[in-house]
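# Chains, contacts and geometry: an overview
Residues per chain, in single letters:
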Amino acid sequence: MIHLLTSNWSEFISGFGWTLLSSVLALFFSLIIGSLFAILEVVPNKFLRIIGNIYVEIFRNIPLLVITMFFYLVIPLYIVKINGFTAGTIGLTIYTSAFIAETVRAGINSVDPGQMEAARGQGMTFWQAMRYIVLPQAFKYVIPPLGNQFVNLVKNSSVLAFVAGFDLMYQGNAIASQTFDTVNTYVIVGIFYLIITLPISYYMQHLEKKLA
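Note that the structure is a prediction, hence the values are computed from the model and not measured.

In terms of regular secondary structure, the protein is built from ten helices and zero strands. N-terminal to C-terminal, the α/β element order of the protein is α-α-α-α-α-α-α-α-α-α. Reported as C-alpha extents along the three principal axes, the dimensions of the protein are approximately 70 × 45 × 20 Å. Burial status across the protein gives 41% buried among its 212 residues. Within the protein, residue pairs in contact and separated by at least 24 positions form 75% of the contacts whose partners lie at least 6 positions apart. Working note: accessible area of the protein is about 11,400 Å², and carbon and sulfur atoms make up 67% of it.

Next comes the structure, spelled out in structure tokens:
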């Protein structure tokens, strides 16, 4: 295993870097998009609630690979050329944002409705009350499930291997096909994934205890 790692070090590190970059980008944008659609699901405006619900239900119930392949094959064909990394990251972002939206919505619903009413009574708009009163409390409630979503996002980034995204799984597949040492290759790939996911998991646990 050591020989395999050292002889293919640049490939593993390259895959690790692309996986980390894709995960960070997807995490950042999926949290923003997911939070926005979570709010749309609870706004007083019925039309906006319908839009939020449609978005969440569609992308929660379509496989991640299908979404990714759509951006990899269809978008370049009819709209704009994008590479596998971009297609995979966009697909990962949209897919994860739908689950984050449901998680954040549950957090919003767990906040006492009286706090929204009190904020509105003080002259705040719905969006101001949501931003300054409701969302800070909602995020405290949903830290554990959000942590799980972030870890799942990193693991789901392996979908980039299907669209030539140069991620860890893509590099692992290439190395395994060249060396025929599949067991050790995927053990190393798994270790690199753990290097990303374990700190996220421990940090979210620490954050949960700190804000409790």
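Further notes follow.
Right, let's talk about the side chain of Ser97 for a bit. Position of Ser97 relative to the elements: it lies in helix α5 (residues 84-110). Setting aside anything within four residues of it in sequence, one finds Ser97 in contact with Ser30, Ile33, Gly34 and Tyr55.

Bringing the UniProt feature "domain: ABC transmembrane type-1" (unreviewed entry) in the protein into the picture now. Under the present numbering, the feature "domain: ABC transmembrane type-1" (unreviewed entry) in UniProt falls on residues 16-204. Between the first and last C-alpha atoms of residues 16-204 the distance is 22 Å; the span itself is 83% helix and 0% strand.

Per the UniProt record, "transmembrane region" (unreviewed entry) is found at residues 20-40, 61-79 and 186-204. End-to-end, the C-alpha atoms of residues 20-40 are 30 Å apart, and along that stretch the chain is 100% helix and 0% strand. Segment residues 186-204 splits into 100% helix and 0% strand. End C-alpha atoms: 27 Å apart.

Viewed as axis vectors pointing N to C, helix α2 (residues 9-40) and helix α8 (residues 143-156) meet at an angle of 140°, and their least axial separation amounts to 9 Å. Here α2 is positioned oblique relative to α8, judged by the angle of their axes. Once α2 is placed against α8, the crossing between them reads as right-handed. Here Ser23, Ala26, Leu27, Ser30 and Leu31 of α2 come into contact with α8, specifically with Leu146, Phe150, Leu153 and Val154. Along the lines of polarity and charge, the residues of the contact of α2 with α8 split into seven nonpolar, two polar and no charged.

The next point concerns the nonpolar core. Within the largest apolar cluster, 51 residues are counted, with the highest numbers of intra-cluster contacts made by Ile39, Ile108, Met130 and Ile200. In terms of residues, this core owes the most to one element, α5, which gives nine residues. When neighbours within four sequence positions are excluded, Ile108 is seen to be in contact with Ala38, Ile39, Val42, Met130, Val134, Leu135 and Ala138.

Okay, helix α7 (residues 126-141) next. Count 3.6 residues to each turn of an α-helix, and residues three or four apart come out pointing the same way. Of all bends in α7, the biggest is about 45°, found at Val134, and the proline Pro136 comes one to four residues later. Residues of α7 that are buried: Phe126, Ala129, Met130, Val134, Leu135 and Ala138. Contacts made by the buried residues of α7 are with α2, α5 and α6 (113-121).

About the cut-offs
Residues numbered from 1 in each chain as written. Predicted model: local features only at pLDDT ≥ 70, side-chain atom pairs only at ≥ 80, totals over all residues. Heavy atoms only, no water. Helix = DSSP H or I, 4+ residues; strand = E, 2+ residues; numbered from the N terminus. Buried < 20%, exposed > 50% of the residue type's maximum accessible area, 1.4 Å probe, protein only. Contact = heavy atoms within 4.5 Å. Areas by Shrake-Rupley, 256 points an atom, 1.4 Å probe, with all protein chains shown as cover. UniProt positions renumbered as here; feature names shortened; annotations may be inferred. Axes fitted to C-alpha atoms, helices over the stretch in contact; angles between N-to-C directions. Parallel < 35°, antiparallel > 145°, perpendicular 65-115°, else oblique. Left-handed = near helix turned anticlockwise from the far one by under 90°. Nonpolar A, V, L, I, M, F, W, Y, C, P; charged D, E, K, R; others polar. Core = buried A, V, L, I, M, F, W, Y, C linked by side-chain atoms within 4.5 Å. Bend = angle between axes of the 7 residues up to and from the residue.

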